[in-house]
Amino acid sequence: MRRYGRVFREFFRACLVEELEYRSEFFGNFIASFFGVGIALLTVHIFFYQTDRLGGWTYGEVLVLLGVFNTLRGWIDFALRPNMPRLLEHVRRGTLDYILTKPVDSMFYVSFRHLVFWRLIDVALGLGVIGYGLYVERYVPSAADVLMFFVVMTASLLLIYSLWMMLMTTSFWVVRIDDLSFIFDSFFDTARFPGSMYRGAVRFVITYVLPAVLITNTPALALLGKWSMAAVLAALAVAMLFLWASRRFWRFALRFYTGAGG
């Protein structure tokens, strides 16, 4: 474990040095992120012009949910999005050979080799929206609420990573798909709203098949004091199950990789 911590630090250092070469881009990216959050807040505000509840959630609660969504998206864009699409290119071009021969776990390498630091702006803005939502809701989380929030946020990140990893691992067979990330984005976007606003088959899928509702709704509810130990343990169990499945699927898929030589 310590070895992989040192490897990740080297990834972190190399990517930070590379990104600092283009400091002027940071300010432009900050403005773009701030504008994106502003549009999202305006959209929520427009919804609540017509109603005082959205899927049973109040305005302040939906703001907390939006903040959780933006925070998670920031972490995704920081560590996962720069790496996952590259897997498709490695498989297509046969350059995965170079990764498989390195003295480090291949799944770890393809997952965290590239980092985009300015995306952490979205994490900070997301936390700011959470704070604003709590202020609007007039609710101050207890220490237990905050602890459960961090536990289920960790479970959400593990679940996001596992789902995206399994999706991108299918590139060993479907290398002609240009952007598998689009499929993940479409799934993840459903998590920006309360799960209770969906109906029928869509609600069933995003709750039990691809648990998008668990990813954002559960952390938001935890921070609002509406958590239960059963829900927290269930979130951890689901995350660990999907992480185990993604690891097994990766090892299975490597058997079908033929490399650059065909």
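Computed from a predicted structure; not experimentally measured. (Residues numbered from 1 in each chain as written. Predicted model: local features only at pLDDT ≥ 70, side-chain atom pairs only at ≥ 80, totals over all residues. Heavy atoms only, no water.)

Student: So what's going on with the packing of helix α8 (residues 143–169) against helix α12 (residues 229–254)? Which residues, and what values?
Tutor: Where α8 contacts α12, the two axes come as close as 8 Å, and the packing angle between them is 25°. When the interaxial angle is binned, α8 and α12 end up roughly parallel. Note that α8 runs across α12; the crossing there is left-handed. Grouping the amino acids of the contact of α8 with α12 by side-chain chemistry returns 23 nonpolar, 3 polar and no charged. (Axes fitted to C-alpha atoms, helices over the stretch in contact; angles between N-to-C directions. Helix = DSSP H or I, 4+ residues; strand = E, 2+ residues; numbered from the N terminus. Parallel < 35°, antiparallel > 145°, perpendicular 65-115°, else oblique. Left-handed = near helix turned anticlockwise from the far one by under 90°. Nonpolar A, V, L, I, M, F, W, Y, C, P; charged D, E, K, R; others polar.)

Student: Can you break down the environment of L236 residue by residue, with the values?
Tutor: Along the chain, L236 turns up in helix α12. L236 sits in the partly exposed class, given a relative accessible area of 31%. Remark: the alpha-carbon pair of L236 and S156, spanning 80 residues in sequence, is separated by 8.4 Å. When residues no more than four places from it in sequence are discounted, the contact partners of L236 are V151 and A155. (Buried < 20%, exposed > 50% of the residue type's maximum accessible area, 1.4 Å probe, protein only. Contact = heavy atoms within 4.5 Å.)

Student: Outline empty space enclosed by the protein, listing residues and values.
Tutor: Evaluation of the coordinates by the stated rule reveals 1 cavity of 30 Å³ or more. Forming the walls of the largest cavity are N83, R86, H90, I99, Y109, V110, R113 and H114. Taken together, the residues of the lining of the largest cavity break down into 3 nonpolar, 3 polar and 2 charged. (1 Å grid on protein atoms, 1.4 Å probe; cavity = no way out; pocket = protein on both sides within 12 Å on 5 of 7 lines; lining within 4 Å. Points joined across faces, edges and corners; volume = space filled by probe spheres on them.)

Student: I'd like a description of the pattern of salt bridges, backed by residues and values.
Tutor: Note on pairing: side chains with opposite charge can pair once their charged atoms come close. Within this structure, the stated rule accounts for 5 salt bridges. Put simply, K226 and E61 hold a salt bridge, and the shortest N to O gap is 2.4 Å. Taken together, the residues span a long stretch of sequence, with K226 in the loop between α11 (212–223) and α12 and E61 in helix α3 (residues 59–80) at a distance of 165 residues. For E61, a relative accessible area of 5% translates into the label buried. Between R119 and D122 there is a salt bridge, with its nearest N and O atoms 3.3 Å apart. Take R119: its relative accessible area is 24%, and that puts it in the partly exposed class. (Salt bridge = Lys/Arg side-chain N within 4 Å of Asp/Glu carboxyl O.)

Student: Provide a residue-level description of unusual backbone geometry, including the pertinent values.
Tutor: Even without being glycine, R138 reaches a positive phi, approximately 60°. In this structure, R138 sits in the loop between α7 (120–137) and α8. Classification of R138 by relative accessible area gives exposed; the value is 62%.

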